[in-house]
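Secondary and tertiary structure notes
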Amino acid sequence: FGVSLSLKPVDFKRVLVSPRAPIAGLIAQFILLPAATCFATWIFRIDPQLALGMILVSACPGGSFSNIMTWLARGNVAVSVSMTAISSLAATIFTPLNFILYGSLNPYTRELLVSISVDSSDILLLVLLVLGLPLVLGMWVGGRFPGLVKKTEQPFRIVALLVFLGFVAIAFGNNFALFIERFHTFFWLVVVHNTLALGLGAIMARLLRLPTADGRAVILEVGIQNSGLGLVILFTFMPTAGGMMLITAFWGVWHLVSGLVLANIWARIPIKTAA
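The present account deals with the structure reproduced in this document. No experiment lies behind these values; they were computed from the predicted model shown. All chains use their own residue numbering, which begins from 1 and follows the written sequence. Note on the predicted model: pLDDT of at least 70 is required for a residue's local features to be given, and 80 or more for side-chain atom pairs to be given and counted; whole-chain, interface and lining totals, by contrast, use all residues. Hydrogens and water are ignored here; the side-chain numbers use all heavy atoms of the structure.

Quick word on the overall build of the protein
For the purposes of this entry, the term helix denotes a DSSP run of H or I that reaches at least four residues, the term strand denotes a run of E that reaches at least two, and both are numbered from the N terminus. Along its length, the protein carries twelve helices and zero strands. Along the protein, helices (α) and strands (β) appear in the sequence α-α-α-α-α-α-α-α-α-α-α-α when read from the amino end. For the protein, the residues scored as buried account for 51% of the 275 residues in total. Restricting to contacts in the protein with at least 6 residues of sequence separation, those with at least 24 account for 86%. Per-residue accessibility, obtained with a 1.4 Å probe over protein chains only, is compared with the maximum for each type, and a residue is labelled buried under 20%, exposed over 50%, and partly exposed between these values. It only takes one pair of heavy atoms within 4.5 Å for two residues to be counted as in contact.

Some remarks on the packing of aromatic side chains
Any two of the Phe, Tyr and Trp rings considered here, Trp counted by its six-membered ring, make a pair once their centres fall within 6.5 Å; the pair's planes then place it as stacked at under 30 degrees, edge-to-face at over 60, or tilted in between. Inspection of the entire model under this criterion finds eight aromatic pairs. With centroids separated by 5.3 Å and ring planes inclined at 25°, the aromatic side chains of Phe30 and Phe94 adopt a geometry described as stacked. Placement of Phe30 in helix α2 (residues 20–43) and of Phe94 in helix α5 (residues 77–105) is noted, with a sequence separation of 64 residues between them. An aromatic cluster is built from Phe183, Phe186, Phe187, Trp188, Phe250 and Trp254, whose rings are joined through pairwise contacts.

Overview of the side chain of Ser80
As for its placement among the helices and strands, Ser80 is situated in helix α5. Under the relative-accessibility criterion, Ser80 is labelled buried at 0%. Those residues in contact with Ser80, other than ones at most four positions away along the chain, are Ser66, Asn67, Thr70, Ala217 and Glu221.

Brief notes about the environment of Val163
Counting through the fold element by element, Val163 comes out in helix α8 (residues 146–174). A relative accessible area of 43% means that Val163 is categorised as partly exposed. Taking C-alpha positions, Val163 is 36 Å from Ile43, a pair spaced 120 residues apart along the chain.

A look at α5
Here α5 is 29 residues long, yet its end C-alpha atoms lie only 36 Å apart, well below the 42 Å a rise of 1.5 Å per residue gives. The seven residues ending at a residue and the seven starting there each receive a fitted axis; the angle between those axes is the bend at that residue. At Ala91, α5 shows its largest kink, close to 55°. By the criterion applied in these results, polar contacts are pairs of N or O atoms within 3.5 Å in which, for protein atoms, one can donate a hydrogen and the other can accept it, and in which residues neighboring in sequence qualify only through two side-chain atoms. Sitting at the amino-terminal end of α5 is Asn76, which places a side-chain oxygen 3.1 Å from the backbone nitrogen of Ala78. A helix is expected to span 1.5 Å multiplied by its residue count minus one.

Points about the packing of helix α3 (residues 48–59) against helix α9 (residues 176–207)
Interaxial angle, 0 to 180 degrees, is taken between N-to-C directions of lines fitted to C-alpha atoms, where a helix line uses only the stretch in contact. The contact between α3 and α9 brings their axes to 11 Å, and the two run at 30°. Taken as axis vectors, α3 and α9 run roughly parallel relative to one another. You can see that α3 and α9 cross each other, and the crossing is right-handed. Counting all contacts with α3, which are made through Leu50, Met54 and Ser58, the residues of α9 involved are Arg182, Thr185, Phe186, Leu189 and His193. Geometric relationships in this document are graded by angle, where less than 35 degrees denotes roughly parallel, more than 145 denotes roughly antiparallel, 65 to 115 denotes roughly perpendicular, and other angles denote oblique. Note on convention: near helix rotated counterclockwise from far helix by under a right angle means a left-handed crossing. Clockwise means right-handed.

Comments concerning the nonpolar core
As used here, the term nonpolar core means buried Ala, Val, Leu, Ile, Met, Phe, Trp, Tyr and Cys residues forming a set that is joined through side-chain atoms within 4.5 Å. Judged by nonpolar contacts, the single largest core of 60 residues is most densely connected at Phe99, Ile233, Met238, Met244 and Ile247. Sorting elements by how many residues they give to this core places α9 first, with ten residues. Phe65, Leu198, Ile224 and Trp266 belong to the second largest nonpolar core, which has eleven residues in total.

Side note on the side chain of Thr84
Looking at the element boundaries, Thr84 is found in helix α5. You can call Thr84 buried: its relative accessible area is 6%. Beyond its immediate sequence surroundings of up to four residues, Thr84 is in contact with Gly63, Ser66, Asn67 and Glu221.

Here we look at unusual backbone geometry
Leave glycine aside and you will find that most residues have negative phi; peptide bonds, for their part, are mostly trans. Phi at Arg74 takes a positive value of approximately 60°, unusual for a residue other than glycine. Structurally, Arg74 can be placed in the loop between α4 (65–72) and α5. Overall, Arg74 belongs to the partly exposed group, its relative accessible area being 46%. Even without being a glycine, Arg209 presents a positive backbone phi close to 55°. Residue position: Arg209 is located in the loop between α9 and α10 (212–223). Take Arg209: its relative accessible area is 71%, and that puts it in the exposed class.

Focus on the packing of α3 against helix α12 (residues 242–267)
Between α3 and α12, the least distance of the axes is 7 Å, while the angle of their chain directions is 45°. One element, α3, and the other, α12, form an angle in the oblique class. The two elements α3 and α12 meet at a crossing, and its hand is right-handed. On α12, the residues that touch Gln49, Leu50, Leu52, Gly53, Met54, Leu56 and Val57 of α3 are Gly242, Gly243, Met244, Ile247, Thr248 and Trp251. All amino acids are sorted into three groups, where Ala, Val, Leu, Ile, Met, Phe, Trp, Tyr, Cys and Pro are nonpolar, Asp, Glu, Lys and Arg are charged, and the leftover types, Gly among them, are polar. Residues belonging to the contact of α3 with α12 are distributed by class as follows: eight nonpolar, five polar and no charged.

On their own, these measurements won't tell you what the molecule is for.
In structure tokens, the structure reads:
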């Protein structure tokens, strides 16, 4: 809702006028990343709970913090905001679809997914309530009360971060023994998985010959996932899936670290000379 306050219809129209960057991001976000995650967890026979957690994260849209990272990295913030808006809408369909599809395709996660008995229509309804409804309400309130946006933007970002960190704390607290036991495993899985997401964004940006500023926006949008949505799905439908919660929660912490590091490196590289 806080992010949507500053969204305007022009942010969606911008995609129609300059579609290359959003298309690159959407392909990497909703096609390449889930497929690559499913394939990698299958080939390397990752533990089913950890693998399904990785598939869930890959099915989520870009996170709102990507807009801040893009601004810090001297990237195209307008492109980043447009991609966040479009991916949030697209996620209402693609998040449940990709999670069920790729969770079923991987033979090591298929049995776990069936045992959970998750109905894709239930996930669709939850995603609509968590992303779709706040998006529409936020845009309506922002358009009706424009003065409210500047006053509440910073507080909403702080509240959003605190709520997300609360989710992370609950996930870690409820699975502390598992966290200690599996830390060395899921730490590297999350680091490699996040690197894969950033890399796929970079590949798409290069293939479509995007300007440097647009490319930075795409890379960060794909690398910063809405793991908060993943945690909401887990708390609602799979509250006992400790391995999935640890992967999703640590993803939410790590992508902020990797995104800030990358943004600060790019901030020191002038756009004209950036490779």
